[in-house]
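# Topology and contacts: notes
Here's the letter readout for the chains.
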Amino acid sequence: MNSLTKVSKIFENIPDKKVLMSGNEAFARGIYESGVRFAANYPGTPLSEVGDILKYLSEISENFIFDYSLNEKVALESCIGASWAGVRTVVMFKHLGLNVAADPLHTFPYSGINGGMLILCGSDPGILSSTNAQDNRLFSLHTKIPIIEPATVQECKDFVKEGLRISELYKIPIYVHVSTRLCHSHGIVTYGVINELKKAGHFEKEPNRYINTLTKALANQKKYFEKIRLVAKNKKIFYLFNRIKFNQAEQPSKEILNNQIGILTSGICYSYVLQACHKLNVNPPILKLGMIFPINRDEICEFANQYKIKKILIVEELEPFIETFSKRVFCNFCDAKRDLEIHGKDFLPIIGELNTDIIIRFLAKHFNIGNKLILEEIHKKEEVLKEIVPALPIREPTFCPGCQYRPVFYTLKKVVSEITNKTGIEFIYGGDIGCYTLSEAYPYQMLDWVICMGAGIGIANGMSLVIDSKKQKLIAFIGDSTLFHTGLQPLLNAIKNDIDITIIIFNNYWTAMTGQQEHIATPRKYIRKFGTKSITDKKEINLSRLMENIGLDNGNLIITGAYNIEKLERIFEKTLMKKGVKVIVINEECALEKKRRIRRETIKLEEKKKSEIYYTITDTCVKCNECIEHLGCPAINAMPVEKEEVDKNNPQKERDLKYYIDEAACISEICPGICKSVCKNNSIVKTIIFYNLNKKENSEI
Amino acid sequence: MGDIYNILLCGVGGQGVVLIGNILREYGMKSPLIQNVVGTETRGVSQREGSVTATARYLIDSRIYSLDQDYKFEDLISPLIPINDAHLVLGLEPLETMRNLRYISEQTVVIMNTHRYYPRNVIISSKKEKKYPSNADILDIIDQFARRTISLDFNELSEIRLGNSIHANSIILGASVKEFKDIFNKNLMISLLKNFFGDSQKNLEAFEIGYNLISKF
Ligand SMILES: Cc1ncc(C[n+]2csc(CCOP(=O)(O)OP(=O)(O)O)c2C)c(N)n1
Ligand code: SF4
Ligand code: SF4
């Protein structure tokens, strides 16, 4: 199935249709069904796909507007504006984005909203694709913004709808908390009806409400806190998002009745809890919280009272958030009060994702009944795994085959080590976030810190002012999307102070790491169009031209491509030792996206391939490892010369590997044979096959 | 009410793990025998060379595969497979199959492609810290846990029979359908293959090769 057909299916107007979709697709469907007029996003795993799908929607639908904003703060502020003008709106980004948007986040709820507004935020407890695992639920301790959390793919859609309704009812924003795991899960979703979309917004002036200064802010704060109190007390809202699951056995034993155990959980953990209960064959009452802040005191107590619960087990990822709130409620207000035992983070880890196996262990500790054999089984298996799995080689991520970053880091490493050998000067690498962060990995290993977006140059600012520039020199890396996100301010600060630093800006035209979204410096003609109706993304900023105008000293701005190693060598040799701020802009499109883009374009133009290029390693290869190890293109691979059975009897033979270029992986239509230019032995040859001439030519001859 | 049937796919980025996951989940959606379907995929930091896994979990009518308590539609929501609980593991690469030993037990059938993708740090002599175990060693260990293991260099088979190794996955799917005939309907799977891969004759041929392979073991 073609990916476009799949996306178009998300927006079919067929109520009650059952469709298999991912959590991210369900969010997009929910946004569509709810009549959202405006959505804004800065890409970030795990929610990037929602933006990608909405981008498509904005181009095919009359009134829906989508914006890839420059950063999360801009995205949030845009959505506040749209909501104030009366239309429904959703802003989405990854958990880290909330830090960037934290300034408006703490004040605008005082003024409240008009059109329903959701802040959809993905969390990453396992740090699968982030720099930290911060628990964004804790933001609500000081913002007071209500949090809802879906537990199934269906709920991803439904909670968007219900969340917007409640948001509009109380005129407050609502935060949707979702884990990476759920965003990337698939399940069956039943479509609902599509709400009508408000065509145009209108802003009513209300200075007292929107101007948060001094006494006005104080009055607004009071109003806002009162709204939150009302949400917390509303029983209908409680049962709208929260659910109790309990199948009372026909004849519960006395033991069960007297020691009733209840479980409190939310989100994806609920699915693990269900699975663990099945495995253990126990059947406790489970309160699945869909709204985790604010907590409805009376209803939570009612749960404990109704089922005569003596012990509460709380299952949540990361911090004891639900635990802290509910403990206070249970211990002060429910019938069992101080006799009630509460467990959660006394056993469950606050680090990493949870899974069914951990929860089985947790529950088994407290249930006297059920299938205990399972514990032994888990234990036995884990003992075996401990012996085997950690000994297996891991697969380190690296740049794509033919990636434009590879020749840059390869050359930089060479030049730097020459300088260091000659002068003893040590180079320090300020890292930032994007595909180029992979320079940390083998074989380049040129990275000294990664903290957050913009912190490559940011941290270098202070460091450069205090280190001895005769002994240490700074290089900072930054990508184009990151530069416009939060990189310009530290860059300008560096220029203001005229610090000694070489800044390498990777202008690859896309926000590559999160899935090649366009950004402000993407050439408009490269952007894929699905329809004609987009009203954002009208103008582009030319990154090189911008750099020409920010006050760099003469000769301190160098603009180059990525694939000419000799030229790069000359540039680095000339620049690294110079004083002041030197900016090297590498203009070269993300090779992966370029490959896809060109393929799309040739299909569209129905062009036939005129020629094809192949790079091959000949038998003269002496296995010096320059291409496979130091350059490290993954299209260059090795195969055993002998069959493996032979290896087993003769372990020495195992080393007999023959290097080859995997033609399925090599992107010779984009990469001009970087491997060939680094091979000192001339063992890599280029072959061009011309289709129209119908003959084979070897350019090496 | 019914039973749960768990499929785990594992391999290296670019091998088609995510795609086969989609096909198998879509199969669950289409099959009248299957009442509910969930799943997930975990990719590494990127599409490049990393380990990838995907799951497809079915709620099926029959009670042949496990003695677990009966499940209802709303009970099957966890996208992850618990320890030891895979019924079918499609290992597209030996090292990755070994890495997912956690899910393999006496109820598991493993279909493994023995074609190896060497991680860079194994090839390069100066980095040789960990060894890539030989296929024989890997099979030895998997056999200790699995109910049945079917292993073959499906790339080579595809190359020999169809002139190109890219049909290996279709062969594996064919073999899976034959192995679990009571769950998979051949015609339905073929129609899905057409849906995802286009009407390529080679793919259907590959599927048949896989389907007819199983009786030979
Ligand atoms: C505050 C914040 N928002 C979003 C992200 C997610 N993110 C990680 S890398 C990246 C892309 C950076 O793009 P660019 O700088 O152009 O580098 P490229 O990946 O193209 O090499 C993004 C958006 C993040 N880590 N932090
Ligand atoms: S030409 Fe060489 S360096 Fe470029 S993608 Fe192919 S194998 Fe890699
Ligand atoms: S996605 Fe683009 S920028 Fe990122 S590693 Fe691949 S080719 Fe390089």
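Computed from a predicted model, the values in this text were never measured in an experiment. (Residues numbered from 1 in each chain as written. Chains lettered and ligands numbered in written order. Predicted model: local features only at pLDDT ≥ 70, side-chain atom pairs only at ≥ 80, totals over all residues. Heavy atoms only, no water.)

## Details of the sheet that holds strand 4 (residues 88-91) of chain B
On the basis of which strands lie adjacent, the open sheet formed by eight strands has the order 1(A)-8(A)-2(B)-3(B)-1(B)-4(B)-5(B)-6(B) and mixed pairing. Here the strands that pair on one side only, and so sit at the sheet edges, are strand 1 (18-22) of chain A together with strand 6 (148-152) of chain B. Shown here is a sheet whose adjacent strand axes are inclined to one another by a mean of 15°, direction ignored. Two elements, strand 5 (residues 109-113) of chain B and strand 6 of chain B, share five bridges in a ladder whose sense is parallel. The residue of strand 6 of chain B that forms the bridge with N113(B) is L152(B). (Pairing = 2+ DSSP bridges. Helix = DSSP H or I, 4+ residues; strand = E, 2+ residues; numbered from the N terminus. Axes fitted to C-alpha atoms, helices over the stretch in contact; angles between N-to-C directions.)

## Topic: the interface of chain B and chain A
Interface extent is often summarised as the accessible area lost during association of the parts. Contacts between the two partners involve 71 residues from chain B, matched on the other side by 66 residues from chain A. Interface of chain B and chain A: buried area, both sides summed, is about 6000 Å²; carbon and sulfur atoms make up 55% of it. At the junction of chain B and chain A, the tally comes to six salt bridges. Between K245(A) and D75(B) there is a salt bridge whose closest N-O contact spans 3.1 Å. For the interface between chain B and chain A, the tally reads 25 residue pairs in polar contact (both at pLDDT 80 or more). Within the residue set of the side of chain B that touches chain A, elements represented by two or more residues are helix 1 (17-30), strand 2 (34-42), strand 3 (51-60), helix 2 (94-99), helix 3 (120-123), helix 4 (135-145) and helix 7 (186-197) of chain B. (Contact = heavy atoms within 4.5 Å. Buried area = accessible area lost by both parts, 1.4 Å probe. Salt bridge = Lys/Arg side-chain N within 4 Å of Asp/Glu carboxyl O. Polar contact = N/O pair within 3.5 Å; in protein donor to acceptor, adjacent residues only side chain to side chain.)

## Comments concerning the nonpolar core
Residue and element names in this part refer to chain A. F27, L54, I119 and L363 are the most contacted members of the largest nonpolar core, which has 127 residues in total. Considering every element that reaches this core, the biggest residue donor is helix 14 (residues 268-280), with nine residues. Each of two domains, domain 1 (3-233) and domain 2 (242-391), supplies a minimum of three residues to this core. Excluding residues within four positions of it along the chain, I119 makes contact with L76, V91, F93, L98, L105, F108, I145, P173, I174, Y175 and V176. By size, the runner-up hydrophobic cluster in this structure holds 62 residues, among which are Y429, I478, I584 and I586. (Core = buried A, V, L, I, M, F, W, Y, C linked by side-chain atoms within 4.5 Å. Buried < 20%, exposed > 50% of the residue type's maximum accessible area, 1.4 Å probe, protein only. Domains from an automatic or database assignment.)

## Digging into the site of ligand 1
Residue and element names in this part refer to chain A. In the neighbourhood of ligand 1, 25 residues make up the surrounding shell, with E72, Y405, D480, T482 and A512 lying closest. Separating an oxygen atom of ligand 1 from a side-chain N or O atom of Y405 is a distance of 2.6 Å. Among the elements of the structure, helix 5 (97-100), helix 21 (480-497) and strand 18 (510-511) are those that each provide at least two residues to the shell around ligand 1. Among the elements that line the shell around ligand 1, the one with the most residues is helix 21, at four residues. For the shell around ligand 1, the class distribution of residues is 12 nonpolar, 10 polar and three charged. Both domain 1 (3-233) and domain 3 (405-594) contribute no fewer than three residues apiece to the shell around ligand 1. (Near = heavy atom within 4 Å. Nonpolar A, V, L, I, M, F, W, Y, C, P; charged D, E, K, R; others polar.)

## Here we look at the domain arrangement of chain A
All names here are of chain A. The domain architecture assigned to chain A consists of domain 1 (3-233), domain 2 (242-391), domain 3 (405-594) and domain 4 (608-700). Taking only C-alpha atoms, the centre of domain 3 and the centre of domain 4 are 30 Å apart. Every contact between the two is made by 11 residues of domain 3 and, on the other side, 14 residues of domain 4. Carbon and sulfur atoms make up 66% of the surface buried where domain 3 meets domain 4, a total of about 1000 Å² over both sides. For domain 3, the biggest contributors to the area lost against domain 4 are R406, Y410 and Y563; these three give 51% of the whole. Along the contact surface separating domain 3 from domain 4 lie one salt bridge. Put simply, E626 and K414 hold a salt bridge, and the shortest N to O gap is 2.7 Å. Run the count over domain 3 and domain 4 and you get six residue pairs in polar contact (both at pLDDT 80 or more). If you list the elements that add at least two residues to the side of domain 3 that touches domain 4, you get helix 19 (405-423) and helix 24 (591-604). Here the side of domain 3 that touches domain 4 gets four residues from one element, more than from any other, and that element is helix 19.

## Focus on the packing of helix 15 (residues 297-306) of chain A against helix 16 (residues 321-333) of chain A
Residues and elements named next belong to chain A. In the contact formed by helix 15 and helix 16, the axes pass within 10 Å of each other and the chain directions differ by 65°. What the angle tells us is that helix 15 and helix 16 run roughly perpendicular. Two packed elements cross with a definite hand, and for helix 15 against helix 16 that hand is right-handed. Facing helix 15, whose interface residues are R297, I300, C301 and A304, helix 16 presents V329, F330 and F333. Residue composition of the contact of helix 15 with helix 16, by class: six nonpolar, no polar and one charged. (Parallel < 35°, antiparallel > 145°, perpendicular 65-115°, else oblique. Left-handed = near helix turned anticlockwise from the far one by under 90°.)

## A short note on the pattern of salt bridges
Residues and elements named next belong to chain A. For the coordinates displayed, the defined rule picks out 46 salt bridges over all chains. We note a salt bridge from E206 to R209, for which the minimum N-O separation is 3.3 Å. Notably, a salt bridge pairs K658 with D619, separated by 4.0 Å at the nearest N-O pair. Here K658, found in strand 24 (residues 657-661), pairs with D619, found in the loop between strand 22 (611-617) and helix 25 (626-631); they are 39 residues apart in sequence, far enough to count as distant.

## A short note on unusual backbone geometry
Trans peptide bonds make up the majority, and among non-glycine residues the majority have a negative phi. Residue and element names in this part refer to chain A. Cis geometry is found at the peptide bond from T45 to P46, where omega equals 10°. Looking at the element boundaries, P46 is found in the loop between strand 2 (38-41) and helix 3 (48-60). Cis geometry is found at the peptide bond from Y442 to P443, where omega equals 0°. Of note in this structure, L214 is not a glycine but carries a positive phi near 35°. When you line up the elements, L214 lands in helix 11 (residues 214-233). In this structure L214 comes out as exposed when scored by relative accessible area, which is 77%. A positive phi angle, close to 60°, is found at D537, a residue other than glycine. With respect to the element layout, D537 can be found in the loop between strand 19 (517-518) and helix 22 (543-548).

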